[in-house]
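# Structure at a glance
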Amino acid sequence: MRRYLIIGFLILLVGGIVGAYFFNQYWIYRYDELIARQAGVYRLEKEMVWSVIYEETYFRAWMLGADEEVGLMQVTPTVAREWAKETGFKEFEKQTTENVVEFLKEPERNIQIGCWYLEKSVEKYRGFLAEKAMMLAAYNAGASRVEEWTKGVEPEKLTEAEFIERIGIPSTKSYVASILLRFKENQAKK
């Protein structure tokens with residue numbers, strides 16, 4: 001009898017582990033089509049967008065941040081309103097004014113606006129050695145912080161490692177390093 005209990009327990013354990021693995025694979029790749037579409041529109045690498053979402057919310061579309069960030073890419077209401085205004089669609093402007101949280105909880109819209117903001121963040125740093133690190137730091141802490149951390153040097157000549165070392169906010173330094181590591185791992189899988 002004891003042997004059957006042990007065998008039954010092992011079957012349940014293995015089944016649970018296998019089930020958890022496959023659920024996790026579904027969970028972290030279920031937005032891949034949306035990510036690829038929006039990344040393509042905004043000239044971003046889909047692996048970078050995926051890595052940002054992984055870091056920001058681990059693919060939980062309902063997440064609300066401490067500073068009013070919403071959804072998968074933790075977009076702020078201010079960024080959403082700026083995007084809506086720039087699109088010129090009055091309906092988007094209306095929705096971001098009336099109920100921006102619900103507007104940003106919709107995964108495709110959130111990824112679209114997050115990609116728009118990432119692309120806008122990278123514009124200043126395109127061609128720099130630390131382009132990706134600077135883009136991520138600007139996305140997380142603001143472009144003015146990137147300017148602060150590159151003051152007194154030629155920012156286009158800073159390597160990724162040199163720029164990361166200059167980041168003055170520990171959580172932003174960790175954020176940038178973590179996303180870049182995950183991005184590079186995803187690139188290697190290609």
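Described below are features of the structure shown in this document. (Residues numbered from 1 in each chain as written. Predicted model: local features only at pLDDT ≥ 70, side-chain atom pairs only at ≥ 80, totals over all residues. Heavy atoms only, no water.)

In this section: the overall build of the protein chain. The secondary structure content of the protein chain amounts to 11 helices and zero strands. Scanning the protein chain from its N terminus toward the C terminus, one meets helices and strands in the order α-α-α-α-α-α-α-α-α-α-α. A principal-axis box enclosing the C-alpha atoms of the protein chain has dimensions of 75 × 45 × 30 Å. Across the 190 residues that make up the protein chain, the buried fraction comes to 39%. In the protein chain, of all internal contacts separated by at least 6 residues, the share reaching a separation of at least 24 is 59%. Surface summary for the protein chain: the accessible area is close to 11000 Å², and the carbon and sulfur share equals 57%. Within the protein chain, the 28 negative side-chain charges are centred at a point lying 5 Å from the centre of the 26 positive side-chain charges. (Helix = DSSP H or I, 4+ residues; strand = E, 2+ residues; numbered from the N terminus. Buried < 20%, exposed > 50% of the residue type's maximum accessible area, 1.4 Å probe, protein only. Contact = heavy atoms within 4.5 Å. Areas by Shrake-Rupley, 256 points an atom, 1.4 Å probe, with all protein chains shown as cover. Lys, Arg positive; Asp, Glu negative; His and termini not counted. Charge placed at Lys NZ, Arg CZ, Asp CG, Glu CD.)

Counting 53 residues, the largest nonpolar core has Val49, Val52, Met73, Ile111, Leu136, Phe163 and Val176 as its most contacted members. By residue number, the principal contributor to this core is helix H8 (residues 131-141), which donates seven residues. (Core = buried A, V, L, I, M, F, W, Y, C linked by side-chain atoms within 4.5 Å.)

Taken N-terminus to C-terminus, the directions of helix H3 (residues 46-57) and helix H11 (residues 170-189) make an angle of 135°; their axes are 9 Å apart at the nearest point. Between H3 and H11, the angle is such that the two are oblique. For the pair H3 and H11, the sense of crossing is right-handed. For the pair formed by H3 and H11, the contact residues are Glu47, Met48, Trp50, Ser51, Val52, Tyr54, Glu55 and Glu56 on the first element and Tyr175, Ser178, Ile179, Leu180, Arg182, Phe183, Asn186 and Gln187 on the second. For the contact of H3 with H11, the residue count by class is eight nonpolar, four polar and four charged. (Axes fitted to C-alpha atoms, helices over the stretch in contact; angles between N-to-C directions. Parallel < 35°, antiparallel > 145°, perpendicular 65-115°, else oblique. Left-handed = near helix turned anticlockwise from the far one by under 90°. Nonpolar A, V, L, I, M, F, W, Y, C, P; charged D, E, K, R; others polar.)

Tallying each qualifying case throughout the model produces 13 salt bridges. Among the salt bridges present, the one from Glu102 reaches Lys105, with a minimum N-O distance of 3.8 Å. One end of the pair, Glu102, and the other, Lys105, are both in helix H6 (residues 100-105), three residues apart, so they sit about a helical turn from each other. According to the relative accessible area criterion, Glu102 is partly exposed, its value standing at 46%. Given the relative accessible area of 27%, Lys105 is considered partly exposed. (Salt bridge = Lys/Arg side-chain N within 4 Å of Asp/Glu carboxyl O.)

Bringing the packing of aromatic side chains into the picture now. Each aromatic ring pair is described using two quantities: the centre-to-centre distance and the angle formed by the ring planes. As enumerated under the stated definition, the model contains 11 aromatic pairs in all. An angle of 15° between the planes, with centres 5.5 Å apart, marks the rings of Tyr29 and Trp50 as stacked. Of this pair, Tyr29 sits in helix H1 (residues 2-29) while Trp50 sits in helix H3, and the two are 21 residues apart along the sequence. Tyr29 gets classed as partly exposed once you look at its relative accessible area, which sits at 30%. Residue Trp50 is classed as buried on the basis of its relative accessible area of 7%. Taking 6.1 Å as the distance between ring centres and 40° as the angle between the ring planes, the aromatic pair formed by Trp83 and Phe103 counts as tilted. Placement of Trp83 in helix H4 (residues 77-87) and of Phe103 in helix H6 is noted, with a sequence separation of 20 residues between them. The pair formed by Trp83 and Phe103 is uniform in burial state, with each residue classed as buried. (Phe/Tyr/Trp six-rings, centres within 6.5 Å; stacked < 30°, edge-to-face > 60°.)

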